[in-house]
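Topology and contacts: notes
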Amino acid sequence: MWTLYWSVTILLPPCLLMALPLPLLRPEDDRLEFAKKYLESFYRFKPNSGIRQRRMTEMDTFQDKLKEMQRFFGLQETGELTSCTLDAMRKPRCGLSDVETFEDTVKWKNKHLTYSIANSSPAVRSSKVRRAVKKAWRLWSNFTPLRFLQRQGKEADIMISFKTGDHEDNFAFDGNGGILAHAFQPGDGIGGDVHFDEEERWTMNSSGINLFAVAAHEFGHALGLPHSSDPGAIMHPAYNFVRINEFGLSYNDVQSIQKMYGVNPDVRAMSRLRLPPKTPEKCDPGLSFDAVMTMQQEMVFFKDRFMWRTHPNFDQVGITLITSLWSAVPSNIDAAYETSENTILFFKVLGSAAAGCLAWIPKGPLYVWVSQRSENN
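Now for a description of the structure that goes with this document.

About the criteria used
Residues numbered from 1 in each chain as written. Predicted model: local features only at pLDDT ≥ 70, side-chain atom pairs only at ≥ 80, totals over all residues. Heavy atoms only, no water. Helix = DSSP H or I, 4+ residues; strand = E, 2+ residues; numbered from the N terminus. Areas by Shrake-Rupley, 256 points an atom, 1.4 Å probe, with all protein chains shown as cover. Buried < 20%, exposed > 50% of the residue type's maximum accessible area, 1.4 Å probe, protein only. Pairing = 2+ DSSP bridges. 1 Å grid on protein atoms, 1.4 Å probe; cavity = no way out; pocket = protein on both sides within 12 Å on 5 of 7 lines; lining within 4 Å. Points joined across faces, edges and corners; volume = space filled by probe spheres on them. Contact = heavy atoms within 4.5 Å. Axes fitted to C-alpha atoms, helices over the stretch in contact; angles between N-to-C directions.

**Considerations on the overall build of the chain**
A tally of helices and strands in the chain yields seven helices and 17 strands. Total accessible area on the chain stands at roughly 19,700 Å², and carbon and sulfur atoms take up 51% of it.

**What to know about the pairing of strand 5 (residues 158-163)**
Across the six residues of strand 5, five count as buried, placing the element largely inside the fold. Pairing of strand 3 (residues 112-117) with strand 5 involves three bridges; the strand directions are parallel. Paired with tyrosine 115 across the bridge in strand 5 is isoleucine 158. Note that strand 5 and strand 7 (residues 194-197) share four bridges and pair parallel.

**Some details on empty space enclosed by the protein**
In total, this model carries two cavities of 30 Å³ or more according to the counting rule given. In this structure, the largest cavity spans a volume of roughly 310 Å³. Taken together, 26 residues make up the lining of the largest cavity; nearest its centre are Ile234, His236, Ala238, Asn240 and Phe247. Where the lining of the largest cavity is concerned, the elements lending two or more residues are strand 2 (93-94), strand 6 (179-183) and helix 5 (211-222). Residue contributions to the lining of the largest cavity peak at four residues, all from helix 5.

**A short note on the sheet that holds strand 7**
The six strands are arranged 2-6-7-5-3-4 in an open sheet whose pairing can be described as mixed. Bordering the open sheet on either side are strand 2 and strand 4 (147-150), each of which pairs with just one other strand. Relative to strand 6, strand 2 is paired through two bridges, and the arrangement is parallel. Looking across to strand 6, one finds that arginine 93 is bridged to isoleucine 179. Sheet strands in contact with helix 5 are strand 2, strand 5, strand 6 and strand 7, and its direction is about 35 degrees off that of strand 6.

**Structural notes on the sheet that holds strand 12 (residues 306-310)**
If you walk across this open sheet you meet the four strands as 10-11-12-13, and the pairing is antiparallel. The strands lining the two open edges of the sheet, one partner per strand, are strand 10 (291-295) and strand 13 (318-321). Pairs of neighbouring strands in the sheet enclose a mean axial angle of 25 degrees, with direction left out of account. Note: strand 11 (residues 298-303) against strand 12, five bridges, orientation antiparallel. Following the sheet pairing, phenylalanine 302 is matched in strand 12 by methionine 307.

Below, the structure written as structure tokens:
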């Protein structure tokens, strides 16, 4: 009997985040200024100018805001502009602030909402945009009494459109990379409207920015939800592509939206839904890990689609998605190993357990099939 194992080998520095990044900083750019602008946009950092005392006060505030950002993203709270912190800042993301306060009372009073798609992206056919939008709305209606109906024309509760640059709503887009989209809280006029940056490379798969995944996030804002620091939640601000068959509302998302709008009254439909995945708690006494490995000075613990990274110089343990670091690695891996050449191997059992292993691992990122012979043969 032969059992096939699956693994990936990737040559990567430990802090490289595997998603389409913001444009790289030019050599003449100041990383500190880049970070200040990021914190100003998403963490209400207010830079000062002028006398030396004010500038010293600004740096104290900057470090506080930087720690707040690091805490939100599960990074080590050093207050220093580390490479991992910069990598997180440079990931494609939603344009809304991470500290925006959404009131529970700011929600739609009507449970039957209409939406209209004003235009489409040049990169995706209109029919595919419509399907992605409909599928994204269904994620939210599955767990709530909310129902969404598409209308033609300009009269609808929620207007969906693709925009470029400064489109006169005080939230200008920045071209390819960076800010992907933004949405407005429920309300009259522009309330609930969703804008996508037309200059992104929108796709229906993982080759660019997945429209369905971003739409699901922005529709959460259009319904009244803020950002979540839970890396497994759809409402997490950073873009991380998750395989479509694994993509859905998390436990955190479901709890938040049902708190606002209630539970789907269709019991039969609810019974057919997959239970929303819950992000594991590191202090859960019943927690067990799928795999553990050392990576340079770090220890990395894997569970489902998540991982924790510990470092001997820091007390905090941050959790993040596996795909935020290695986009090709599946969930529920069975083993991981870093070789002496800094190549990281991941294994996933596709059959029964077996003894002995034969593998051919050439250089470069690739998928590798590993044959294993059972002890009975």
